[in-house]
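# Coordinate analysis (summary)
Each chain, letter by letter, is given below.
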Amino acid sequence: MTNADIAAVFDQIADILEYQGAGIFRVRAYRTAARTIGNMIESLATIRADATRSLTDLEGIGTDLAGKIETLQNTGTLPLLEELQAAMPPAVFELMRVPGLGPKKVKLLIDELGVTSLDDLERACRDGSVQQIKGFGNKTQTIILKNIAFAKNPAHARLLWSDADTIVQSLLAYMRICTQVKKIDAAGSWRRGQETVGDIDIVVSSDHAQTVMHHLHAWPETSSVLLSGDTKTSVRGPRNVQIDLRVVGDESFGAALQYFTGSKEHNVRLRSRARERGLTINEYGVYKLTQGEAEAARPAHSASIAGETELDIYRAVGLPWIPPELREGGDEIIRAERDKLPRLLNQEDIRGDLHMHTSATDGENTLAEMIHAAIAHGLEYIAITDHGQRVTMAHGLDKKRLLAQWEEIDRLNESLAENGPPAIVVLKGIEVDMLENGGLDLPNDVLKQADWVVASLHYGQKQPRDRITARIIEAIENPHVSSIGHPTGRLINRRPAYDVDIEAVIEAAARTGTFLEINANPWRLDLNDHHAAAAKKAGVKMVISTDAHSTRGFDVMRCGILQARRAGLEAGDIVNTRTLGDLRQLMKPQLS
Ligand code: DGT
Ligand code: CA
Ligand code: CA
Ligand code: ZN
């Protein structure tokens, strides 16, 4: 069994226990273990095979869970899971795919209405029986109905880019062990930095395709082989994701990488450009077309004029190399032809991070720990932006606690500057909440003392479009608000955006000099690429923030950067690429 299979088993046990009303600590133990195992790159089998190591060294794995992992690996099943599953109505797991429906609500729906499928639940919403259940009501019923459509959309079963990336990195590391692998890279939607990834595409150059393919089949994380031909194979890997592997000769590596990176639309346009020049492009290279030759075939008699690198392919049709994030079949080829491609932002351009939490609210690490981790990540400045008092669930800060935190930040900045220029400057910030009936959850006389204010909307997300939009624009017009956090509130695969007039928000941001956030959390990526491109066009500056809730949370910056790159953004569009001095110049005058 792969790590992903075992994580899935533990997650399912947690769901069932929760459904049955088991104690929270027992449920949480399985959830933590599932997360630990799901995020591991090394396989559990490898750790077990190593006599000097123990499964119990892993976070959240005690002797009981270690024993269960061994049972799963030895027998492929777990008596506890079978027992629990046998006691469960089969509809539970189907119904839990609906955003907002956890084990407890699902239990009520099954117990009260006897629903046995998503279709059943849909009917029960339409005939009004769901709203009769205690605690549901008409509003909930409408939301469930909307979310059933969301759950039924196959696009919402795709892997998050960051989860796909974890798999890609461990797969590439494993494949490189094979001495017959010369060049290797991952292509497809992963390489284009899409928010979600359907399947993983790997391109290898080698003289021994069969050896390379067998190496993939022998990966401990491969659960089954779906297809195996002369030069291509497909398998199921971690989290049941499909992996397509294609092996070509060295002379074709660039052509194959280009072809399998896509997108399909981009490739169609590139091929028609080639045709206009009497050329044909396929996964082996670029070829001269002779009169009347069938284009689809690999012209056997003519040698390729390009194929070894992607750069050669683009050059052969008179173009500069186009970054994968731009290959979506929009205007990228026209812009490339005119030498008007944007100089996309890079990780190295980032100097600061302006949205993060500490253990004062819902973060895991202390202020000092977050600062040290930020220094280790090479950041020049950060803003500490814990939640304001409205977010009671997260123990949000009232005026008194916030001012105390700011005093602590003052002291820390002083001690950082004791021996010459400080390693980092810490800004006094806050993430205020836009209240349901307008206004913010901390008064302006407090906010005016802040270095940086993020305003976000966490409550009343179901309000109608004009209300939501008005709340956000009111925050934008507040002279002390620096940026709007995760402006649409969507969670990929989990929750649609709130109903907001994003054009009006962009217009207000442009008018007032308020920054809009690209929240780099892989579930959020909010603004999305289309909105970010529209904001750029309107002259709005953006900020890419990790919204870190722990010291590990800084790593997601690269997801935000990919999102910005797909939007065609350059370093100049993003304010946290500036030095702190330049950032202050860009801020609303009331704040600088
Ligand atoms: P995904 O897997 O749904 O996240 O999206 P992609 O873009 O990775 O799509 P996939 O895996 O079906 O194919 C990878 C690339 O290979 C695709 O972007 C373009 C190329 N490709 C695959 N099949 C075809 C095809 O039938 N025609 C053309 N022109 N290109 C193809
Ligand atoms: Ca793919
Ligand atoms: Ca594929
Ligand atoms: Zn936050």
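Note that this is a predicted model, so its numbers are computed, not measured.

## Notes on the overall build of the protein chain
Secondary structure assignment for the protein chain yields 24 helices and 16 strands. When burial is assessed residue by residue, the protein chain has 52% of its 592 residues classed as buried. Accessible surface computed for the protein chain: about 26,500 Å², of which carbon and sulfur atoms make up 50%. The average position of the 68 basic charges and that of the 80 acidic charges among the side chains of the protein chain differ by 3 Å.

## Regarding the domain arrangement of the protein chain
Domains assigned within the protein chain are domain 1 (3-156), domain 2 (159-248), domain 3 (255-337) and domain 4 (347-365 + 431-586). Between domain 2 and domain 3, the C-alpha centre-to-centre distance is 23 Å. Across the boundary between the two partners, domain 2 contributes 11 residues, which contact 15 residues of domain 3. When the buried area of domain 2 at its contact with domain 3 is split by residue, Arg191, Arg192 and Arg246 rank highest and sum to 57% of it. The interface formed by domain 2 and domain 3 contains 3 salt bridges. The partner of Arg192 in a salt bridge is Glu328, with the nearest N and O atoms 2.7 Å apart. For the pair domain 2 and domain 3, the interface holds 7 residue pairs in polar contact (both at pLDDT 80 or more). Every element with two or more residues in the side of domain 2 that touches domain 3 is listed here: β2 (183-186), α11 (188-191) and β7 (242-248). If you tally residues by element for the side of domain 2 that touches domain 3, the top one is β2, at 3 residues. Its residues assigned to classes, the side of domain 2 that touches domain 3 comprises 4 nonpolar, 2 polar and 5 charged.

## Examining the sheet that holds strand β6 (residues 232-236)
Strand order in the open sheet made by the 5 strands is β2-β4-β7-β6-β5, with mixed pairing throughout. Only two strands of the sheet have a single neighbouring strand rather than two, namely β2 and β5 (224-228). Between one strand and the next, the sheet's axes are offset by a mean angle of 20°, whatever the strand orientation. The sheet contact formed by β2 and strand β4 (residues 200-205) spans 4 bridges and is antiparallel. Within β4, the position partnered with Ala186 by the bridge is Ile202. Contacts from helix α12 (residues 209-217) reach β4, β5, β6 and β7 within the one sheet, and its direction differs from that of β7 by about 160°. With respect to the sheet, helix α13 (residues 253-261) is in contact with β2, β4 and β7, its orientation differing from that of β4 by roughly 170°.

## Describing the environment of Leu403
Within the secondary structure, Leu403 is located in helix α18 (residues 399-416). Among the residues examined, Leu403 registers a relative accessible area of 25% and is labelled partly exposed. For the pair Leu403 and Asp57, spaced 346 residues apart in sequence, the C-alpha separation works out to 40 Å.

## Side note on the coordination of the zinc ion (ligand 4)
Bound to the zinc ion (ligand 4) on the protein side are His355 (NE2), His357 (NE2), Glu431 (OE) and Asp547 (OD), at distances that span 2.1 to 2.3 Å. In this structure, the zinc ion (ligand 4) is surrounded by 4 donor atoms whose angles at the metal cover 79 to 162°, and the resulting shape is irregular. Look at where the donors of the zinc ion (ligand 4) fall in the sequence and you get H-x1-H-x73-E-x115-D. Here His357 is found in the loop between β10 (352-353) and α17 (367-376), whereas its partner Asp547 is found in the loop between β16 (542-545) and α23 (557-566), with 190 residues between them in sequence. Each member of the pair, His357 as well as Asp547, carries the same accessibility label: buried.

## Concerning the site of ligand 1
Ligand 1 sits among 15 residues. The nearest are Arg158, Ser189, Arg192, Gly198 and Asp199. Between Gly198 and ligand 1, the recorded distance is 2.8 Å, taken from a backbone N or O atom to an oxygen atom. One of the side-chain nitrogen or oxygen atoms of Arg271 is found 3.3 Å away from a nitrogen atom of ligand 1. Contact with the protein chains removes 70% of the 600 Å² of surface that ligand 1 exposes when unbound. The element that contributes the greatest number of residues to the shell around ligand 1 is α13, accounting for 3 residues. Across the shell around ligand 1, the residue classes break down as 3 nonpolar, 6 polar and 6 charged. The residues that make up the shell around ligand 1 include at least three from each of domain 2 (159-248) and domain 3 (255-337).

## Let's talk about the coordination of the calcium ion (ligand 3)
Note on the calcium ion (ligand 3): its protein donors are Asp199 (OD), Asp199 (OD), Asp201 (OD) and Asp244 (OD). The metal-donor distances range over 2.3 to 2.6 Å. Mapped onto the sequence, the donors of the calcium ion (ligand 3) take the spacing D-x1-D-x42-D. Between the two metals, the calcium ion (ligand 3) and the calcium ion (ligand 2), the spacing is 3.7 Å, and Asp199 donates to both. Looking at Asp201, the relative accessible area reads 14%, which means it is buried.

## Looking at the sheet that holds strand β15 (residues 515-519)
Strand order in the open sheet formed by 7 strands is β10-β11-β12-β13-β14-β15-β16, and the pairing between neighbours is parallel. Two strands close off the open sheet at either side, each with one partner strand: β10 and β16. One ladder, built from 2 bridges, connects β10 with strand β11 (residues 381-384); its direction is parallel. Each residue of the ladder has a partner; that of Asp353, found in β11, is Ile382.

## Looking at the pattern of salt bridges
Side-chain pairing between opposite charges can occur once the charged atoms of the two side chains come close. The final tally for this structure, using the stated rule, is 31 salt bridges. A salt bridge links Lys152 to Glu122; the nearest nitrogen and oxygen atoms lie 2.8 Å apart. Placement of the pair is Lys152 in helix α9 (residues 137-152) and Glu122 in helix α8 (residues 118-126), with a sequence separation of 30 residues. Of the residues examined, Lys152 reaches a relative accessible area of 38% and is grouped as partly exposed.

About the thresholds
Residues numbered from 1 in each chain as written. Chains lettered and ligands numbered in written order. Predicted model: local features only at pLDDT ≥ 70, side-chain atom pairs only at ≥ 80, totals over all residues. Heavy atoms only, no water. Helix = DSSP H or I, 4+ residues; strand = E, 2+ residues; numbered from the N terminus. Buried < 20%, exposed > 50% of the residue type's maximum accessible area, 1.4 Å probe, protein only. Areas by Shrake-Rupley, 256 points an atom, 1.4 Å probe, with all protein chains shown as cover. Lys, Arg positive; Asp, Glu negative; His and termini not counted. Charge placed at Lys NZ, Arg CZ, Asp CG, Glu CD. Domains from an automatic or database assignment. Contact = heavy atoms within 4.5 Å. Buried area = accessible area lost by both parts, 1.4 Å probe. Salt bridge = Lys/Arg side-chain N within 4 Å of Asp/Glu carboxyl O. Polar contact = N/O pair within 3.5 Å; in protein donor to acceptor, adjacent residues only side chain to side chain. Nonpolar A, V, L, I, M, F, W, Y, C, P; charged D, E, K, R; others polar. Pairing = 2+ DSSP bridges. Axes fitted to C-alpha atoms, helices over the stretch in contact; angles between N-to-C directions. Donors = N, O, S within 2.8 Å, 3.2 Å for Na, K, Ca; no water. Tetrahedral: all angles 85-135°; square planar, octahedral: opposite > 155°, others 65-115°. Near = heavy atom within 4 Å.

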